Amino acid sequence: MPDLTHVAKLASVLCCGVLLAGCNFFGSSEASDAQKRGADLIRANGCATCHSIPGIGDARGNIGPPLDRIGTRVFIAGMLRNTPENMVRWLKNPQAIIPGNAMPNMHLNDAQARDITAYLAELH
Ligand code: HEC
C-alpha cells in the first residue's frame, strides 16, 4: 500500500504551484498602482495594434517588435540606453528619436509615460 500521507503532501504542493501560477502578476497585489495604470493606458492607447505585450489581453500586433522582454533589453529601439528616463522620452515622442519610424507620437503626458514605463520595466 503506498504511503498516502506522502501522496497527499505532494498533491497539496502541486495545487499550491498551480494556484500561484494562476495568480498572475497583474492580478496580484504585487503589481504597483503605477503598473496597473500603465496596463490600462497600454490598452487604451492601442499599443497592441502594433506590439505583442504580455499581460495585455490578446496583444499580438506585429508591426513593432514584441515587448515581452523589454524590461531586460539593453537598448530601446536599438538607439537609447534602456533607462526609465529614456523609456519615458521614447514613449512621449518616438518620432523625435527616430524620425520616420512606424511608431506614431501618441501624445502621452509625462505621468502616462511613466506609468507605462513602470509596466514595461517588469516584462522580463
Ligand atoms: C502604429 C504602430 C505602433 C504603435 C501604435 C505603437 N508602437 Fe511602439 N513601436 C512601433 C515600431 C515600428 C517600433 C520600432 C521602432 C524602431 O526601432 O525604429 C516600436 C518600438 C517600441 C518600443 C521599443 C521596442 C524595442 O524593442 O526597443 C517600445 C518600448 C514601444 N514601441 C512601446 C509602445 C507603447 C507602450 C505603445 C502604446 C503607447 C506603442 N509602442 C505604440 C510601432 C508602434
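Before going into details, it helps to say that this report is about the structure given with it.

Calculation rules
Residues numbered from 1 in each chain as written. Predicted model: local features only at pLDDT ≥ 70, side-chain atom pairs only at ≥ 80, totals over all residues. Heavy atoms only, no water. Axes fitted to C-alpha atoms, helices over the stretch in contact; angles between N-to-C directions. Helix = DSSP H or I, 4+ residues; strand = E, 2+ residues; numbered from the N terminus. Parallel < 35°, antiparallel > 145°, perpendicular 65-115°, else oblique. Left-handed = near helix turned anticlockwise from the far one by under 90°. Contact = heavy atoms within 4.5 Å. Nonpolar A, V, L, I, M, F, W, Y, C, P; charged D, E, K, R; others polar. Near = heavy atom within 4 Å. Polar contact = N/O pair within 3.5 Å; in protein donor to acceptor, adjacent residues only side chain to side chain. Donors = N, O, S within 2.8 Å, 3.2 Å for Na, K, Ca; no water. Tetrahedral: all angles 85-135°; square planar, octahedral: opposite > 155°, others 65-115°. Buried < 20%, exposed > 50% of the residue type's maximum accessible area, 1.4 Å probe, protein only. Expected span 1.5 Å × (residues − 1). Arc of directions from axis to C-beta. Salt bridge = Lys/Arg side-chain N within 4 Å of Asp/Glu carboxyl O. Core = buried A, V, L, I, M, F, W, Y, C linked by side-chain atoms within 4.5 Å.

### Some words on the packing of helix α3 (residues 84-92) against helix α5 (residues 110-121)
Next up, step 1: Contact pair α3 / α5: the axes reach a minimum separation of 9 Å and the direction vectors enclose 120°. On the basis of the axis angle, α3 is oblique to α5. At the point where α3 passes α5, the crossing takes the right-handed sense. The residues of α5 that touch α3, namely those facing P84, E85, M87, V88, L91 and K92, are D110, A113, R114, I116, T117 and L120.
Next up, step 2: For the contact of α3 with α5, a count of residues per class yields seven nonpolar, one polar and four charged.

### Here we look at the site of the ligand
Next up, step 1: In the neighbourhood of the ligand, 24 residues make up the surrounding shell, with C47, C50, H51, R73 and M103 lying closest.
Next up, step 2: In this structure, H51 approaches the ligand through a side-chain N or O atom, which is 2.8 Å from a nitrogen atom.
Next up, step 3: At 2.2 Å from an oxygen atom of the ligand is found a side-chain nitrogen or oxygen belonging to R73.
Next up, step 4: At the level of secondary structure, the elements contributing two or more residues to the shell around the ligand comprise β1 (75-76), α3 and α5.

### Concerning the coordination of the iron atom of the ligand
Next up, step 1: Distances from the iron atom of the ligand to its protein donors, H51 (NE2) and M103 (SD), fall at 2.0 to 2.2 Å.
Next up, step 2: Around the iron atom of the ligand, the six donor atoms sit at angles spanning 85 to 179°, and that spread fits a shape best called octahedral. Taken together, the positions of H51 in the loop between α2 (33-44) and β1 and M103 in the loop between α4 (94-97) and α5 put the pair 52 residues apart, joining distant regions of the chain. This pair shows no difference in class: H51 is buried, exactly as M103 is.

### Things to note about α2
Three- or four-residue spacings in an α-helix give side chains the same orientation, since the helix completes a turn every 3.6 residues.
Next up, step 1: With 12 residues, α2 should cover 16 Å at 1.5 Å per step; its first-to-last C-alpha distance of 16 Å lies within 8% of that length.
Next up, step 2: Within α2, burial applies to Q35, G38, A39, L41 and I42. Each buried residue of α2 sits inside an arc of 165° when the element is viewed along its axis, so together they form one side. Those residues of α2 that are exposed and angled more than 90 degrees off the buried face are D33 and A44.
Next up, step 3: Looking at the buried positions of α2, the neighbouring elements they touch are α5.

### Details of the pattern of salt bridges
Next up, step 1: As enumerated under the stated definition, the model contains five salt bridges in all.
Next up, step 2: Ionic pairing is found between R114 and E85, a salt bridge with its closest N-O pair at 3.5 Å. Residue R114 is located in helix α5, and its partner E85 is located in helix α3; the two are separated by 29 residues in the primary sequence.
Next up, step 3: Overall, E85 belongs to the partly exposed group, its relative accessible area being 49%.
Next up, step 4: Here K92 and D110 are joined by a salt bridge, their closest N and O atoms 2.9 Å apart.

### Re the nonpolar core
Within soluble globular proteins, side chains that are nonpolar tend to cluster in buried spots.
Next up, step 1: Within the largest apolar cluster, 23 residues are counted, with the highest numbers of intra-cluster contacts made by I42, I53, W90, L91, Y119 and L120.
Next up, step 2: Once you skip the residues sitting within four places of it in the chain, I53 turns out to touch I42, C47, A48, A59, L67, Y119 and L123.

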